[in-house]
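These are the residues of each chain, in order.
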Amino acid sequence: MTVRSTCPYCGVGCGVLLTATVAGLEVKGDPDHPANFGRLCSKGLALGETVGHEGRLAAPMVNGKEAAWDEALQLVADRFTHTIAEHGPDSVAFYLSGQMLTEDYYVANKLAKGFMGTANIDTNSRLCMASTVAGHKRAFGTDTVPGTYEDLELADTIVLVGSNLAWCHPVLHQRILAAKAARPHLKLVVIDPRRTATCDAADLHLPLAPGSDVALFNHLLTQIDEQGALDAGYVAAHVDGYPEALRCARASDVSLTELDGHQLRAFVNIWLRSEKTVTIFSQGVNQSTSGADKVNAILNCHLATGRIGTPGCGPFSVTGQPNAMGGREVGGLSNMLACHLDLENPAHRHAVRLFWDAPKMPEAAGLKAVDMFRAVGSGKIKALWIIHTNPAVSMPDADAVAAAIKGCDFTVVSDVTGRTDTAQLADVLLPASAWGEKDGTVTNSDRTISRQRAVLPSYEASRPDWAQLAEVGRRMGWHSAFDFANVAEIFREHAALSGIAGGLGRDFDISGHADLTDAQYDALDPFRWPYASQEGGRFFADGGFFTKSGRASMLALTPLPMAQPTNSDFPFRLNTGRTRDQWHTMTRTAKSARLSAHLAEPFIEIHPADATATGTTDASLVQVTSGTGTAILRALITDRVRKGEIFAPIHWTGETAPSGRIDVVIPAAVDPVSGQPESKGAAVALAPY
Ligand code: SF4
């Protein structure tokens, strides 16, 4: 039997057709899925090679010894109960993942925020999308992605900012290339300090100085004004803040971009001479101490020109993870509630508390990821539950994070494997059902909700995350609130709550699906929210922003320097990112020999002039050092990086290449608005190893 499901990697959210055969799991692209229409990238095509049981966690483990589920879950419930009773609700915390399914995420948030009474629940989406969430909310009033994937095929110009789409969202890149082939006038602009694979098909590449995006888009705003491209009617009807934003833009210094006049004019001309523009942005924008400002600088230009929400137009954030959007929808970040309601809004809090019949609800935002692990390290957080993520490798200042987890009084890790650096630090390990074994929904970058479906039996004693979380909730005394019979029941509850959110003026509303039967949920086709009565298209073409006034806000933005200046001790700027064929810390992709053959070991890209200056030869080992740690990687000499800048991939772990853990080198400097760490701007030293 063939089952329709969704790829578990990036935020494109491609549909897959899965067939379990005696030879293994066959994976094909789903020709009817609106994200990919049958296309898959190398990672999606290799999914069948990654579902083997090698390294899987077969049974719960307590202090290194195999345990029964009853013993392990009772221990978790007891320790969280006693910790809260003794030290208060904010002495416990959850650290979740954009790999979780929406229903799993929903139960975790309900348990923490509604019943344990803590907002200390954050997620690795903080490392991925938090700046976009903050930027959207400042401009639109809600975390709304205005456009759809179809806009990429309707645009005259697509601008990619801080996005190596060819490697990180390959099927979207394929869609753009196909659109460009069908409509050769479609222009592609790539804004990235590094000349990535995405630049190969670009009409214009702007290798701007790292961190200078606000200066560039402020310059564009001044040119929109000077060259008569302002949509005065749209601004007058729907937008506040234009004069202040323009004043600030005029005062900012475009030379910070280090682009020459020819490059700047070419960019402005392409932008202003096209009618329909989509600006895609990703981690190069988000992972910055001024990430939220960078997002708003982009949104400012789209608001000023009214290029938002109409076919072929809009700012478009593409998410890194398969369910970063679903996590945001259920309130996965420490400052949010379910259904895009705000934790710190009394009316929103009251509505959710009533709906959940919750005994308590925190009134203030909880700790964001970096501060959460600092609180773990200081002993303020005494019980921590980590689900489907590997912060001992992926957080900035990763050695300090690993030490904090190791020193925590009580750490629970739910995962499919016990081999990650983080799992090895846990007191209790709970085996989780893997992709292909579990059911639920995910939301991709253009708000399309798709089912992930089980096609394989759960491995040994593993259980879905929602079942683990609900059982702990019941054991802590909240029986009816967590008495979910199945995943469809959780979906219905979430959908019903979204109707209340819609009534409170929120964008996220899928209440049209609140009464699905189990069978209808099982057969659910992909749909795009909002879905109160019919499927949603684009937002904001006619205004209708989710602010009190109904108007959008343009922000007055001043370019800020990166958190860490380079100096004579640490003269190089370290950029980090993904490779084409690996995912996160490689727990799944490393199982495929085909994927691992693409780039077999951790490396740094270094400019030829810098290689000469530091005595680095091609393929030699290089030591990269910052104030927080050291990594040792293979040198790859290339002029794809700018002089003075190096690039390293994020994937390698303690297990596979001890010195390749690049996040030990990255300091935990964060955006003051979004709490997102600056993962692309460490000041480092280089030396031959
Ligand atoms: Fe999976 Fe993303 Fe590749 Fe699609 S583009 S197959 S979602 S990794």
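About the thresholds
- Residues numbered from 1 in each chain as written.
- Predicted model: local features only at pLDDT ≥ 70, side-chain atom pairs only at ≥ 80, totals over all residues.
- Helix = DSSP H or I, 4+ residues; strand = E, 2+ residues; numbered from the N terminus.
- Rg over C-alpha atoms; globule rule 2.2 N^0.38 Å.
- Buried ≥ 20, exposed ≤ 12 C-beta atoms within 10 Å, placed from the backbone.
- Contact = placed C-beta atoms within 7 Å.
- Pairing = 2+ DSSP bridges.
- Axes fitted to C-alpha atoms, helices over the stretch in contact; angles between N-to-C directions.
- Near = placed C-beta within 6 Å.
- Nonpolar A, V, L, I, M, F, W, Y, C, P; charged D, E, K, R; others polar.
- Domains from an automatic or database assignment.
- UniProt positions renumbered as here; feature names shortened; annotations may be inferred.
- Parallel < 35°, antiparallel > 145°, perpendicular 65-115°, else oblique.
- Left-handed = near helix turned anticlockwise from the far one by under 90°.
- Expected span 1.5 Å × (residues − 1).

K.L.:
I tried to follow the overall build of the protein chain on my own but got confused; where do I start?
P.N.:
Along the protein chain, the regular secondary structure elements total 23 helices and 26 strands. Here the C-alpha radius of gyration of the protein chain, 24 Å, is about what a compact globule of 689 residues would show, namely 26 Å. For the protein chain, the C-alpha atoms occupy an extent of roughly 70 × 60 × 50 Å along the three principal directions. For the protein chain, with 689 residues in total, the buried portion stands at 60%. Partitioning the contacts of the protein chain with sequence separation of at least 6, the portion at a separation of at least 24 is 75%.

K.L.:
Just to check I follow, could you spell out the sheet that holds strand β24 (residues 630–637) for this structure?
P.N.:
Sheets are built from strands paired through backbone hydrogen bonds, the pairs being either parallel or antiparallel. Read around the closed barrel, the six strands follow the order β21-β25-β22-β24-β23-β26; overall the barrel is mixed. This sheet shows a mean twist of 45° between the axes of neighbouring strands, independent of strand direction. Both strand β23 (residues 621–625) and strand β26 (residues 682–688) contribute to a ladder of four bridges, which runs antiparallel. Within β26, the position partnered with Thr625 by the bridge is Ala685.

K.L.:
What exactly am I supposed to notice about the site of the ligand here?
P.N.:
Near the ligand there are 14 residues, and of these Cys7, Tyr9, Cys14, Cys41 and Gly44 occur at the shortest range. Of all the secondary-structure elements, those providing two or more residues to the shell around the ligand are α1 (42–45) and α7 (170–182). Here the residues of the shell around the ligand are counted per class, giving nine nonpolar, four polar and one charged. The residue makeup of the shell around the ligand includes at least three contributed by each of domain 1 (2–50) and domain 3 (130–318).

K.L.:
Please explain the sheet that holds strand β5 (residues 65–66) as it appears in this structure.
P.N.:
Ordered in space as β5-β4-β16-β15-β14-β6-β7, the seven strands form an open sheet in which the pairing is mixed. Edge positions in the sheet fall to β5 and β7 (121–123), since each of these pairs with one other strand and no more. Alignment of strand β4 (residues 61–62) against strand β16 (residues 428–431), held across two bridges, turns out to be antiparallel. Across the sheet, residue Met61 finds its bridge partner in β16, namely Leu429.

K.L.:
Sorry if this is basic, but what is going on with the UniProt feature "domain: 4Fe-4S Mo/W bis-MGD-type" (unreviewed entry) in the protein chain here?
P.N.:
Per the UniProt annotation, the sites labelled "domain: 4Fe-4S Mo/W bis-MGD-type" (unreviewed entry) are residues 1–55. Split by type, residues 1–55 is 7% helix and 33% strand. Its first and last C-alpha atoms lie 27 Å apart.

K.L.:
Explain the packing of helix α8 (residues 213–226) against helix α11 (residues 261–273) to me, please; I cannot follow it from the model alone.
P.N.:
Axes are the key here: two packed helices are described by the angle between their axes and the distance separating the axes. One way to put it is that α8 packs onto α11 with a least axis distance of 10 Å and a crossing angle of 55°. The angle between the axes of α8 and α11 places the two elements in the oblique class. Here α8 runs over α11; the crossing is right-handed. Where α8 abuts α11, its residues His219, Leu220, Gln223 and Ile224 lie against Leu264, Val268, Trp271 and Leu272. Within the contact of α8 with α11, the residues separate by chemical class into six nonpolar, two polar and no charged.

K.L.:
Before we go on, may I ask you to explain the domain arrangement of the protein chain in this structure?
P.N.:
In many analyses, interface size is given as the accessible surface area lost on bringing the parts together. Each assigned domain of the protein chain is listed with its residue range as follows: domain 1 (2–50), domain 2 (71–126 + 336–486), domain 3 (130–318) and domain 4 (572–688). A C-alpha centroid distance of 35 Å is found between domain 2 and domain 3. Contacts between the two partners involve six residues from domain 2 and, on the opposite side, nine residues from domain 3. A per-class count over the side of domain 2 that touches domain 3 returns no nonpolar, three polar and three charged.

K.L.:
Sorry, what's going on with helix α20 (residues 487–503) here?
P.N.:
Along an α-helix, residues three or four positions apart point the same way, because every turn accommodates 3.6 residues. Helix length check: α20, at 17 residues, gives a terminal C-alpha distance of 25 Å against a target of 24 Å (1.5 Å per residue), a fit within 8%. Considered for burial, the residues of α20 that qualify are Val487, Ala488, Ile490, Phe491, Glu493, His494, Ala495, Leu497, Ser498 and Ala501. On its buried face, α20 sits against α3 (102–116), α15 (346–356), β17 (440–443), α19 (465–475) and α21 (518–522). Of the residues flanking the end of α20, it is Gly505, one or two places downstream, whose phi is positive at about 85°.

K.L.:
Please clarify how helix α13 (residues 291–304) should be interpreted in this entry.
P.N.:
Taking 1.5 Å per residue as the helical rise, α13 with its 14 residues ought to reach 20 Å, and the 20 Å between its terminal C-alpha atoms agrees with that figure. Along α13, 14 of the 14 residues are buried, which leaves the element largely enclosed by surrounding structure. Once α13 finishes, Gly306 follows within two positions and takes phi at roughly 65°, a positive value.

K.L.:
For this particular structure, what's the right way to read unusual backbone geometry?
P.N.:
In terms of backbone geometry, most residues other than glycine have negative phi values and most peptide bonds are trans. A cis amide bond links Trp529 to the next residue, Pro530, at an omega of 5°. A positive phi is found at Asp397, a non-glycine position, where the angle reads about 50°. The topology assignment puts Asp397 in the loop between α17 (391–394) and α18 (398–407). A tally of 25 C-beta atoms within 10 Å means that Asp397 is categorised as buried.

K.L.:
I tried to follow the pairing of β24 on my own but got confused; where do I start?
P.N.:
A regular strand places its side chains on the two faces of the sheet in alternate fashion. Strand direction decides the pairing type here: strand β22 (residues 603–606) and β24, joined by four bridges, are parallel. Residue pairing in the sheet places Ile604 in a bridge with Ala635 of β24. With antiparallel pairing between neighbouring strands as the criterion, β23 and β24 make up a hairpin whose turn holds four residues.

K.L.:
Help me understand the environment of Val318, please; the structure alone is not making it clear to me.
P.N.:
Tracing the backbone through its elements, the reader meets Val318 in the loop between β13 (314–317) and α14 (324–329). Val318 sits in the buried class, given 25 other C-beta atoms within 10 Å. Through-space distance from the C-alpha of Val318 to that of Met129 is 8.8 Å; in sequence the pair is 189 residues apart. Residues within four places of Val318 in sequence aside, it is in contact with Gly11, Ser163, His169, Leu172, Ile280, Ser282 and Ser445.

K.L.:
Before we go on, may I ask you to explain the pairing of strand β18 (residues 448–452) in this structure?
P.N.:
Of all five residues making up β18, five are buried, and the element is well covered by its neighbours. Across the two faces of β18 the burial is the same, with Thr448, Ser450 and Gln452 and Ile449 and Arg451 all buried. Alignment of β17 against β18, held across four bridges, turns out to be antiparallel. Each residue of the ladder has a partner; that of Thr443, found in β18, is Ile449. What sits between the antiparallel neighbours β17 and β18 is a turn of four residues, in which Arg447 has the positive phi angle 70°.

K.L.:
What am I meant to see in the environment of Ala46 here?
P.N.:
Within the secondary structure layout, Ala46 lies in the loop between α1 and β4. With 20 C-beta atoms counted inside 10 Å, the residue Ala46 sits in the buried group. On a C-alpha basis, the gap between Ala46 and Thr638 in space is 29 Å, while along the polypeptide they are 592 residues apart. The contact partners of Ala46, leaving out residues within four places of it in the chain, are Ser592, Arg594 and Leu595.

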